[in-house]
Amino acid sequence: MASVETAAVPAGAGLGESLRRAAEAASVPLGSLVVAGLVFALFIWAVAGANPLEVYELMYTGGFGSWFSLQNTLQRAAPLILTALCTALPARLGLVIIGGEGALVLGGLAAAAMGLALHAASPLIVQLGMALAGMAVGAIWIALAGWLRQYRGVNETISSLLLTYIAIAILNQLVEGVMRDPASLNKPSTSHIGDANMIGLIPGTDVHWGLVFGVVACVASYVLMSHTTFGFAARMVGGNVRAARMSGLNVGLLTIVVCALGGAAAGLAGMVEVGAVHGRANGSLAIGYGYTGILVAFLARQNPLAIIPVAILLGGINASSGLLQRRLDLPNASVLVLQGIIFVLILAGETFYGRIRLFRRKEA
Amino acid sequence: MTFDKKISRRLALGGIAAGALTTALPMRSAFAAKKVTIGFIYVGPRDDYGYNQAHAEGAAALKKMADVKIIEEEKVPETLAVEKSMESMINLDGASLIFPTSFGYFDPHMLKMAQKYPKVQFRHAAGMWDKAKHPANAGSYFGYIDECQYLSGIVAGHTSKSGKLGFVAAKPIPQVVRNINAFALGARSANPNATVQVVFTGDWSMPVKEAEATNNMIAQGIDVITCHVDSPKVVIETAERGGIMTCGYHANQSKLAPKGYLTGAEWNWSKVYTDFANQLQADKPLPNFVRGGLKDGFVKTSPYGALVGAEARKHADEVKAKMASTGVVIFKGPLKDNKGNEVIAPGKDYDQFDLWLEGMNWLTQGVIGSIS
Amino acid sequence: MEGELGLWGIPLAIFAGAIRVSTPFLFVSLGECLTEKSGRINLGLEGTLIMGAMSGYAISYLSGSPWLGVLVAGMAGMLLGALHACICSLPRVNDIAVGIALMLFGTGLAFYLGKPFVQPKADILPAVEFGWWSDIPQVRAALQVNVLFIIGVILAPVILWFLRSTRWGLILRTVGDSADAARAMGYDVLWVRLVATVAGGFLAGIGGAFLSLFYPGSWNESLSSGQGLMAIALVIFARWNPMRCLWASLLFGGTAALGPALQSVGVTQGYYIFNAAPYVLTLAIMIATCSPRRNLAGAPGELSVTK
């Protein structure tokens, strides 16, 4: 698929070439972002009659303006980093997976089940078990979409979406049925995994360890995808399946493994929600982190390292939403509109890659 | 907004008067009023004709008070986001009292924030605060709206021609189950043969499923429907179009069904919120746990619609008057569930405050449906 | 239940539900069918559907005419369709991604602009009574049909005929099967795709107006629970055949009615699973009918989802 570019620097390219690429990769999306900001300013001014400067000032205050706001932003970014990987990794193979929400939900459910099964063990064992269970179930869920694509020819975008709806139904059925804690009266939930087993906060902050998991997962994904033969093989499949097959690559296995890795990231996000936020699995797992992750992945152009700043940007936008509502009485959908405009314009910006003179290769 | 300005102003004034009484000298209390910022957090859109709107109407009543600043956030999910909303209201807007209005905000989110900000007051809409377990700056407030559901049941039982009533419900949780049972018991006190068919849609806001459930009920000959979902608008409008009668919930929906609206169970949060605001302004300690029913003005019923006959009015008014004075025990023995098991022994009364009722997991005789 | 129909109530309820619930699926899938036949996929129709629902309701409320609302909903859909087509016309831009972006944008815009219209009660579309011949109220209720449904049912064979037997249909299919061939024949590929996407947006907008102006017949932010996305799945399921889109929509509508219908006759276990039935069924049929070795019959050659 055309949107997925192989971002690696071709062998033998000099420092100038990598600088050229880095400059292009940074300035095209930044340009799109600036244009999106102008369009949104116009919208806010024309439709709501609000002063755009005031809006942006509040967004800065709410998202980044103080230590509190920055932590608020980072906390909101944490699950998005992981769910974005669920779309970004398979994208390297040319697959569009939009089922991160389903993997997150079932990952969270599995983590809670594992936490409850192990709750007598030492906290570290419990947490490890939960993480493994969450990642395994998330991996299986997305690998299923990959398998269906590879061996049954079912379109992965649609199947991953259907699997999300099914996952949420399974969560609700179990949480309100056999896995329900009888004491969870008006909010059906599983039992609590126990305070001792919760993952704590990063020392000195209000931000839970999920952020670190996300950053580590992104760096690991980057290394895997850009600096190993596995990643090279995956990119080859994404570039041209037929050529990859002819060169003897096991395309089916690669597809399933990469989908599983993406699913594992989203499953881990579910585990973090249970292990660091709720302590139990319940309907609050399905609140759209998986869907926002798709947005993050596309805005980051499926680059694992770019996911981190993009998730923080979106976390900041979401964090400032409350302030916009409270101070300016803007509807909470304003941030949806802003996100939509950014998304559309960043994609439209794709067309400028390789077409801006300044960034063109000298010899070209 | 359907919000009736006149009523709200009257309630707000009533609330101020009540607050003034508690401080003995009305003039002094007005003089001593300090500037306060109060935050409200809603789980859905605040104009949903239902749960969130009922709270937002209560908040709107406070906006008319002097030196009270109201800050609101809507569509805040029950996760870290709500903790951050509360913190943001405290840190950036200086809120000193916060009302997170959705059930799922309480544990662990509101409790965590209450521990972290001991100088800020938190009050949560549901009866879950426990002195032994929870921080002293937290608390609960709740209304016994099942009293109004019982009255709706009486009206429905008298008015239904087929004796078949319907209840569109979101999830089989105790709050919902209690409303279903109260409605059924009220209906069967009017017509011992009445049945209440329950359909669970599975979530708080599922317009297509709610409309489907309503249409299915109409097709079965059910002629009065009520509901417990976040926004009753779809159920009430679909029933009206299907030519059957309805009892409302959360807020007054009579405008949506001018023909078939019989009555409804409504929250009256403006009273609760005004009381809290007055106490806060007067620097009085806020009560940790307030709850009440019709008698205390926490809940109210919608005015009767045109189809409600004299007999139904008389019966319902009698019971309502008793509720407002001495109180009525809705759940009393002997009572069987719809599988024939005895759930309340003969002679046993559970008054409204009884915690046993908060864990209700059975459907009373005459209810068709199951919660598992 | 001791209802007069007994268990016969279930198939009847499913039949009635199929008619009531299927119309938005039908319109969106017919629209998407046209778009995909031109070789482009527009996943943004979920946003278009919601935008159509909002604008239709708003215009009906402001003007008092629900039919004007339907028209405006269609026009809002055309605008979003044109936006999709224009952005996708830029080189190197991926249509699936733009679709997801427009889904978000359309939804956000509809929520933003739709705030003032959640409360008011707009005039909605009338129903046509087809059940006058029956004494059974259930049958009569089931046959309360909206004109839009009838239009949709007529539209399906018309679109089939258009695609198969008209010159324009041939051009559309040529563009969808091979852009190079179409260019060689002198057709403007981007222009054809623009028209196809705008037409698809128009139909999807009308599908949205059905939601807000007939069934369930009110506007709020949870009105669509992914109907637009599911309709896109139905197109692949229906193998780009408008008549099969009709059957698929009816089937999907029927299974969506299954949950409440079963509960009202006393099957109360596992309603979450029954609520998920449409998704499970769609996935199952897709697994059964797709194949990794050959392209799907009827699949446009240029379509990114089948490449």
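For the structure itself, look to the data block above.
Attention here is on the structure that accompanies the text. (Residues numbered from 1 in each chain as written. Chains lettered and ligands numbered in written order. Predicted model: local features only at pLDDT ≥ 70, side-chain atom pairs only at ≥ 80, totals over all residues. Heavy atoms only, no water.)

### Focus on the interface of chain A and chain C
It is common to give the size of an interface as the accessible area lost on bringing the parts into contact. Opposite the 49 residues of chain A that make contact, chain C presents 46 residues. For the pair chain A and chain C, the summed buried surface comes to about 4,100 Å²; carbon and sulfur atoms form 77% of the total. Linking chain A to chain C there are zero salt bridges. On inspection of chain A and its partner chain C, the count reaches five residue pairs in polar contact (both at pLDDT 80 or more). Put simply, the parts of the chain that give the side of chain A that touches chain C at least two residues each are helix H1 (15–48), helix H5 (123–152), helix H6 (156–175), helix H11 (289–299) and helix H13 (333–349) of chain A. In terms of residue class, the side of chain A that touches chain C is made up of 31 nonpolar, twelve polar and six charged. (Contact = heavy atoms within 4.5 Å. Buried area = accessible area lost by both parts, 1.4 Å probe. Salt bridge = Lys/Arg side-chain N within 4 Å of Asp/Glu carboxyl O. Polar contact = N/O pair within 3.5 Å; in protein donor to acceptor, adjacent residues only side chain to side chain. Helix = DSSP H or I, 4+ residues; strand = E, 2+ residues; numbered from the N terminus. Nonpolar A, V, L, I, M, F, W, Y, C, P; charged D, E, K, R; others polar.)

### Section: the nonpolar core
Counting 197 residues, the largest nonpolar core has Ile-307 and Phe-343 of chain A together with Ile-100 and Trp-219 of chain C as the members making the most contacts within it. With near-sequence residues (within four places) excluded, Phe-343 of chain A lies in contact with Leu-295, Phe-298 and Leu-299 of chain A together with Ala-97, Ile-100, Ala-101 and Leu-104 of chain C. (Core = buried A, V, L, I, M, F, W, Y, C linked by side-chain atoms within 4.5 Å. Buried < 20%, exposed > 50% of the residue type's maximum accessible area, 1.4 Å probe, protein only.)

### Quick look at the pattern of salt bridges
In this structure the tally under the stated criterion is 32 salt bridges over all chains. Here Arg-301 of chain A and Glu-350 of chain A are joined by a salt bridge, their closest N and O atoms 2.9 Å apart. Here the residue Arg-301 of chain A occupies a position in the loop between H11 and helix H12 (304–328), and Glu-350 of chain A occupies one in the segment after H13, the gap between them amounting to 49 residues. The closest approach of N and O atoms between Lys-112 of chain B and Glu-83 of chain B, which form a salt bridge, is 3.2 Å.

### A few points about the interface of chain C and chain B
Contacts between the two partners involve 39 residues from chain C and, on the opposite side, 40 residues from chain B. Summed over both sides, the interface between chain C and chain B buries roughly 3,300 Å², with carbon and sulfur atoms accounting for 48% of that surface. Taken as a group, Gln-119, Lys-121 and Pro-216 of chain C account for 19% of the area that chain C buries against chain B, more than any other trio of residues on that side. At the surface where chain C touches chain B, the tally comes to five salt bridges. Close ionic contact of Arg-20 of chain C with Glu-212 of chain B constitutes a salt bridge, the shortest N to O distance being 2.9 Å. One can count 18 residue pairs in polar contact (both at pLDDT 80 or more) joining chain C with chain B. When grouped by side-chain class, the residues that make up the side of chain C that touches chain B number 20 nonpolar, 14 polar and five charged.

### A few points about helix H4 (residues 80–93) of chain B
Residues and elements named next belong to chain B. Taking 1.5 Å of rise per residue, the 14 residues of H4 would be expected to cover 20 Å, and the 19 Å separating its terminal C-alpha atoms lies within 8% of that figure. Burial analysis of H4 places twelve of its 14 residues in the buried class, the great majority of the element. Where H4 is concerned, the buried positions are Leu-80, Ala-81, Val-82, Glu-83, Lys-84, Ser-85, Met-86, Glu-87, Ser-88, Met-89, Ile-90 and Asp-93. Looking one or two residues past H4, Gly-94 carries a phi angle of roughly 70°, positive in sign. (Expected span 1.5 Å × (residues − 1).)

### What to know about the sheet that holds strand E6 (residues 140–143) of chain B
Whether parallel or antiparallel, the strands of a sheet pair through hydrogen bonds between backbone atoms. All names here are of chain B. Strand order across the open sheet formed by three strands is E5-E6-E12, with parallel pairing between neighbours. Here the strands that pair on one side only, and so sit at the sheet edges, are strand E5 (124–125) and strand E12 (289–292). With two bridges connecting them, E5 and E6 associate as parallel partners. Pairing of Ala-125 across the sheet is with Tyr-141, part of E6. Its contacts with the sheet put helix H10 (residues 269–281) on E6 and E12, and the angle it makes with E6 is roughly 155°. (Pairing = 2+ DSSP bridges. Axes fitted to C-alpha atoms, helices over the stretch in contact; angles between N-to-C directions.)

### Comments concerning the pairing of strand E7 (residues 164–169) of chain B
Residues and elements named next belong to chain B. Of all the six residues making up E7, six are buried; the element is thus mostly covered by neighbouring parts of the structure. Here E7 shows a buried face lined by Lys-164, Gly-166 and Val-168 and a second buried face lined by Leu-165, Phe-167 and Ala-169. Where E7 meets strand E8 (residues 195–200), six bridges bridge the pair, whose relative direction is parallel. Note on E8: the bridge partner recorded for Phe-167 is Val-198. Viewed along the sheet, the connection from E7 through helix H7 (residues 174–190) into E8 turns out right-handed. Across five bridges, the pairing between E7 and strand E9 (residues 224–228) is parallel. Following the sheet pairing, Leu-165 is matched in E9 by Val-224. (Right-handed = clockwise from strand over helix to strand, strands pointing away.)

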